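Overview (structure and organization)
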Protein chains: 2
Amino acid sequence: MEQIRQRNKTRQFFLKGLPFGGNNKIYIQSMTNTKTKDVEATVKQIKELERIGCEIIRVCVLDKDDAYAIGKIKAQINIPLVADIHFDPELAIIAIKEGVDKIRLNPGNITNKDKIKEIVTLCKERKIPIRIGVNSGSLPKDLPLSAEGIVEAARRHVEILEELNFYDIAISLKASSIDLSYEAYKLAAKTFPYPLHVGITEAGTSFNGLIKSAIGISKILNLGIGNTIRVSLTDDPIYEVKAAKEILKDLGLSKGFPNLTSCPTCGRCQYNMIPIAKAIEEYLDYVKKDIHVAVMGCAVNGPGEAKEADLGVAGGIGEAILFKKGQIIRKIKEENILEELKKEIDLF
Amino acid sequence: MEQIRQRNKTRQFFLKGLPFGGNNKIYIQSMTNTKTKDVEATVKQIKELERIGCEIIRVCVLDKDDAYAIGKIKAQINIPLVADIHFDPELAIIAIKEGVDKIRLNPGNITNKDKIKEIVTLCKERKIPIRIGVNSGSLPKDLPLSAEGIVEAARRHVEILEELNFYDIAISLKASSIDLSYEAYKLAAKTFPYPLHVGITEAGTSFNGLIKSAIGISKILNLGIGNTIRVSLTDDPIYEVKAAKEILKDLGLSKGFPNLTSCPTCGRCQYNMIPIAKAIEEYLDYVKKDIHVAVMGCAVNGPGEAKEADLGVAGGIGEAILFKKGQIIRKIKEENILEELKKEIDLF
């Protein structure tokens with residue numbers, strides 16, 4: 001039933017040893033919202049994000065203190081670190097020398113051409129890829145707000161790197177409109193041979209933004225386009241990573257993660273199910289097994305409707321039944337549901 | 001840029017005066033999770049859901065007390081009321097006599113054929129439509145778990161109604177797999193001339209379920225299929241309605257609702273933006289205007305990136321700037337941002 005997507009062909013390169021682009025894995029990335037110069041807070045956040053499944057992390061480099069923090073951060077984390085730099089080439093040079101794994105930089109925004117050459121030379125020596133990130137909100141004034149305008153903005157940056165024989169390029173083209181993003185990525189996939197970083201920008205909070213990102217990113221991924229995704233939310237970046245994981249799982253694009261089925265509670269539900277479903281969801285965030293768990297409201301429909309699940313509970317009055325692959329195993333008292341279900345997940 | 005969808009052609013009928021099916025509006029529906037017999041709690045929940053944008057509400061009818069509550073509930077609410085009935089024809093007959101606006105009932109599950117005739121005759125007299133709701137978890141044992149199996153299960157129920165010359169039918173075909181749901185709705189749209197009620201069942205919590213529902217429902221709506229949607233979440237049904245509104249807005253399928261843009265907070269953000277974005281999102285839930293509001297982290301990128309917004313704020317240190325259509329209007333102290341932005345929304 002799963003749909004076969006023909007992945008978009010792209011160049012490939014390595015990002016801190018990770019094969020990137022082409023038919024390789026679609027990596028989950030996020031961005032810290034700490035001050036980068038606050039090394040302790042930044043490392044703490046990165047480690048939390050890494051633990052929940054973040055595979056590439058970006059930090060904002062606003063000044064030299066941020067840039068000089070890169071080395072100290074790198075020393076304490078495992079996933080590739082990307083420095084987000086605007087306008088100031090010196091910050092890029094420091095970040096590179098500090099050992100950053102990738103930079104996000106739009107070379108067209110740097111007026112000093114010698115500085116661009118210096119950055120590109122350093123990136124070549126150290127095999128550091130560059131992401132060009134175009135945002136629909138900050139297009140050059142001569143370009144229209146359209147897919148063509150966004151792709152042309154990216155092309156201008158790309159050309160600068162290509163003229164310097166630099167090709168380890170990733171590109172993003174973010175808009176806050178789903179349709180505009182979709183058309184821009186579709187056109188970019190035809191225009192450039194480079195891997196694409198997919199996201200919808202300024203999507204909103206972890207409710208509305210979650211919906212918009214899920215619709216937009218899935219529509220683009222369903223074209224076979226995308227080599228890394230970032231869900232941008234106005235919230236703790238933990239939710240960005242959780243959401244990205246969920247989108248990839250829902251599209252059958254990532255394996256080895258758990259899947260939770262839970263029914264909408266209705267008048268048939270006889271126990272306090274919502275907190276149990278939420279607690280199990282949180283528990284599963286840190287489980288790296290291909291397990292399907294169900295939390296169902298009623299014993300009448302529960303085991304049947306969730307018969308695909310490896311493991312599940314369905315509530316009764318003051319108790320629940322535990323079932324495996326649709327077969328009822330035993331009864332559990334309501335107060336022990338959470339604990340027993342966690343145990344069963346661990347044993348699986 | 002908005003994509004033109006050719007709406008799937010269907011029969012049309014009226015649901016408590018609302019034109020339903022065909023090219024009519026795609027209605028937002030939800031289901032209460034109170035005990036239906038608890039009239040006070042049920043009416044309270046329905047009124048909250050109605051206030052936030054719910055257009056059709058379903059209640060679970062498990063026994064005669066629930067069925068006899070229908071009239072009392074109807075007397076206190078404005079939106080159409082649907083009774084969800086399984087197996088027991090007597091409950092349907094009571095609900096209809098109590099004045100329910102629509103019933104959800106699978107006639108194939110009722111063994112007494114005279115009772116089906118009685119229900120259908122009553123529905124015809126009172127112009128009450130019937131929704132047939134097939135769920136992938138409870139297919140007849142002789143049918144495969146596939147789009148064909150699900151549509152065949154629906155067809156068996158539909159035939160019973162058609163033989164009694166009853167055609168005010170809506171159909172749902174829910175699965176918890178996105179791909180299976182998508183294929184089933186696509187096949188159903190070709191097979192039946194009836195309006196379709198779209199949803200993904202047992203999607204999960206208001207985080208994971210939100211993502212799965214957004215991906216699945218949008219994919220089906222993008223085919224031009226769907227006359228009403230329900231987002232099923234293991235949470236307060238308020239979130240189901242908010243999510244449904246958001247999905248329709250994101251696809252350009254509903255007008256007259258506000259739109260919030262907010263950037264992901266990053267290290268550039270100098271004020272406590274997340275609570276402000278969330279509070280504005282909640283405020284906008286109850287605003288019925290076509291207004292685009294932006295809550296942005298930094299004054300450097302904010303007004304430019306959100307220049308499409310009618311109204312917005314972008315933070316500085318201890319203050320924010322208020323902008324309209326990309327033009328900066330005035331500064332606001334951090335502690336007054338929320339209040340001033342709400343005032344501006346009211347004035348718009």
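Model, not experiment: these values are computed from the prediction.

Calculation rules
- Residues numbered from 1 in each chain as written.
- Chains lettered and ligands numbered in written order.
- Predicted model: local features only at pLDDT ≥ 70, side-chain atom pairs only at ≥ 80, totals over all residues.
- Heavy atoms only, no water.
- Axes fitted to C-alpha atoms, helices over the stretch in contact; angles between N-to-C directions.
- Helix = DSSP H or I, 4+ residues; strand = E, 2+ residues; numbered from the N terminus.
- Parallel < 35°, antiparallel > 145°, perpendicular 65-115°, else oblique.
- Left-handed = near helix turned anticlockwise from the far one by under 90°.
- Contact = heavy atoms within 4.5 Å.
- Nonpolar A, V, L, I, M, F, W, Y, C, P; charged D, E, K, R; others polar.
- Least-squares fit on C-alpha atoms with pLDDT ≥ 70 in both.
- pLDDT = per-residue confidence, 0-100.
- Pairing = 2+ DSSP bridges.

As a further point, take the packing of helix H3 (residues 89–97) of chain A against helix H4 (residues 113–126) of chain A. All names here are of chain A. Two numbers describe how H3 lies on H4: the axes approach to 10 Å, and their chain directions differ by 15°. Judged on the interaxial angle alone, H4 and H3 are roughly parallel. The two elements H3 and H4 cross, and the hand of that crossing is left-handed. Residues Pro 89, Glu 90, Ala 92, Ile 93, Ile 96 and Lys 97 of H3 pack against Lys 115, Glu 118, Ile 119, Leu 122, Cys 123 and Arg 126 of H4. Looking at the contact of H3 with H4 residue by residue, the class counts come to seven nonpolar, no polar and five charged.

Note on the copies: chain B fits chain A at an RMSD of 0.0 Å, the axial shift is 0.0 Å, and the rotation between them is 180°. Overall, the copies show the geometry of a two-fold rotation axis. Using C-alpha coordinates, one finds that chain B approaches the rotation axis most closely at B:Ile215, a distance of 2.5 Å.

A few words on the confidence of the model for chain A. On average, chain A scores 92 in pLDDT, and the residues at 70 or more come to 98%. Our summary of model confidence lists the complex with pTM equal to 0.90 and ipTM equal to 0.89.

Residue and element names in this part refer to chain A. With parallel pairing, eight strands are arranged side by side in an open sheet as E8-E7-E6-E5-E4-E3-E10-E9. Each end of this open sheet is capped by a strand with a single partner; those strands are strand E8 (169–174) and strand E9 (197–198). The pairing of E9 with strand E10 (residues 228–229) spans two bridges and is parallel. Across the sheet, residue His 197 finds its bridge partner in E10, namely Thr 228. Against the sheet, helix H2 (residues 64–74) contacts strand E4 (56–60) and strand E5 (81–84), and its axis sits at roughly 175° relative to E5. Across the sheet, helix H6 (residues 178–191) is in contact with E8 and E9; its angle to E8 comes to roughly 155°.

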